[in-house]
Protein chains: 2
Amino acid sequence: MHEEFMAEALNEAYEALAIGEVPVGAVVVKDGRVLGRGHNLRETVNDPTAHAEIIAVRAASDELNAWRLEGCDIYVTVEPCAMCAGALVLARIRTLVFGARDPKAGACGSIMNIVQDERLNHRIEIVEGILRDECQSLLQGFFRDLRRGVGAVERARLESE
Amino acid sequence: MHEEFMAEALNEAYEALAIGEVPVGAVVVKDGRVLGRGHNLRETVNDPTAHAEIIAVRAASDELNAWRLEGCDIYVTVEPCAMCAGALVLARIRTLVFGARDPKAGACGSIMNIVQDERLNHRIEIVEGILRDECQSLLQGFFRDLRRGVGAVERARLESE
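Keep in mind that this is a model prediction, so the values were computed, not measured.

**Looking at helix 1 (residues 2–18) of chain A**
Residues and elements named next belong to chain A.
And then number 1: Here helix 1 contains 17 residues, and its C-alpha end-to-end distance of 24 Å stays within 8% of the 24 Å for a straight helix at 1.5 Å per residue.
And then number 2: For helix 1, the full list of buried residues reads Phe5, Met6, Ala9, Leu10, Glu12, Ala13 and Ala16. For helix 1, the angular spread of buried residues about the axis comes to 155°, placing them on one side.
And then number 3: Looking at the buried positions of helix 1, the neighbouring elements they touch are strand 1 (25–30), strand 2 (33–39), strand 3 (73–78), strand 4 (95–100) and helix 5 (132–148).
And then number 4: Positive phi appears at Gly20, one or two residues downstream of helix 1, with a value of about 80°.

**Description of the nonpolar core**
One recurring pattern in soluble globular proteins is that nonpolar side chains are buried together.
And then number 1: Ile74, Leu96 and Ile114 of chain A together with Ile74, Leu96 and Ile114 of chain B are the most contacted members of the largest nonpolar core, which has 68 residues in total.
And then number 2: When neighbours within four sequence positions are excluded, Leu96 of chain B is seen to be in contact with Ile74, Val76, Pro80, Leu88, Cys108, Val115, Ile124, Glu125, Ile126 and Val127 of chain B.
And then number 3: Counting residues in each nonpolar core, the second largest holds 14 residues, with Phe5, Met6, Ala100 and Cys135 of chain B among its members.

**Structural notes on the pattern of salt bridges**
Residue and element names in this part refer to chain B.
And then number 1: Applying the stated criterion across every chain yields a total of 21 salt bridges over all chains.
And then number 2: The shortest N-O distance in the salt bridge between Arg101 and Glu128 comes to 2.8 Å. Placement of Arg101 in the loop between strand 4 (95–100) and strand 5 (125–128) and of Glu128 in strand 5 is noted, with a sequence separation of 27 residues between them.
And then number 3: Accessibility expressed as a relative area gives 37% for Arg101, which makes it partly exposed.
And then number 4: For Arg148, the salt bridge is made with Asp145, and the minimal N-O distance between the two is 3.9 Å. Taken as a pair, Arg148 and Asp145 lie in helix 5 (residues 132–148) at a separation of three residues, close to a single helical turn.

**A closer look at the pairing of strand 2 of chain A**
Residue and element names in this part refer to chain A.
And then number 1: Sheet topology places strand 1 next to strand 2; six bridges connect them, and they run antiparallel. If you follow Val27 over to strand 2, its bridge partner there is Arg37.
And then number 2: Here strand 1 hands over to strand 2 after two residues, with Asp31 in that stretch at a positive phi of 50°.

About the criteria used
- Residues numbered from 1 in each chain as written.
- Chains lettered and ligands numbered in written order.
- Predicted model: local features only at pLDDT ≥ 70, side-chain atom pairs only at ≥ 80, totals over all residues.
- Heavy atoms only, no water.
- Helix = DSSP H or I, 4+ residues; strand = E, 2+ residues; numbered from the N terminus.
- Expected span 1.5 Å × (residues − 1).
- Buried < 20%, exposed > 50% of the residue type's maximum accessible area, 1.4 Å probe, protein only.
- Arc of directions from axis to C-beta.
- Contact = heavy atoms within 4.5 Å.
- Core = buried A, V, L, I, M, F, W, Y, C linked by side-chain atoms within 4.5 Å.
- Salt bridge = Lys/Arg side-chain N within 4 Å of Asp/Glu carboxyl O.
- Pairing = 2+ DSSP bridges.

Right, dumping it as structure tokens:
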């Protein structure tokens, strides 16, 4: 079950990869149905908030016509950052399922844990490690290729991660 | 100078108030010019990410055609939450100027400080307390009125804050 929806999130990550974006993908699921999809589009649309999770959450809210995503789970290929973790709490997401950890900026267990902070008014169950190897190697391959490339644009992007 | 742009952010907060939204406003400023404006629209557009700061940051990115808001400052009537604080870091905002603290969910000094976290790849200068009384009483008045009202919708919204 978790693998099936993480595969959908991975499909989204491959969409990002195909257009030169950092390959991260996400889907929001309720009652076995995908309500919202997203992949990282930061460079493409020049928007610092255009992370996979934000796009998927907004799409699901649009679909449900509600900002409270009650009973909804999100599948993300990589551990969410602080912005996305905060958004998941605001959206009242039930369960966060992610593939690989982000040791540098992950805000759901790595450098902090916003989705389970007792001081906030909602907490999210975490399931991690689903299809971890594929999620991780997709990212690692992307950054390895960037390092091999010598373009100034790619270097700048790499340094910004 | 700070007061002038905070007054612009307050204008945005009053726009939110006028349509029954929690009154929070923000403007992004560069070289003395407002590049992006936003006010809370969560209920109006049914989007959990539609906070004033996110809207203002996206508008400024659109204006500059860049996701890096280098040399940009943001003026917000209330201390940003975790989602918004994370977005400001991702956008490389230079200075965060806010009016009132949010002791329950503020993520820029109150319950945590995401914008000055040494583990993240960007840190933001904070100036707080500009037009604090007006920013705070605007919010307090809104919630007091909600409590006085007896509508189920308003109560639900109040409880969700």
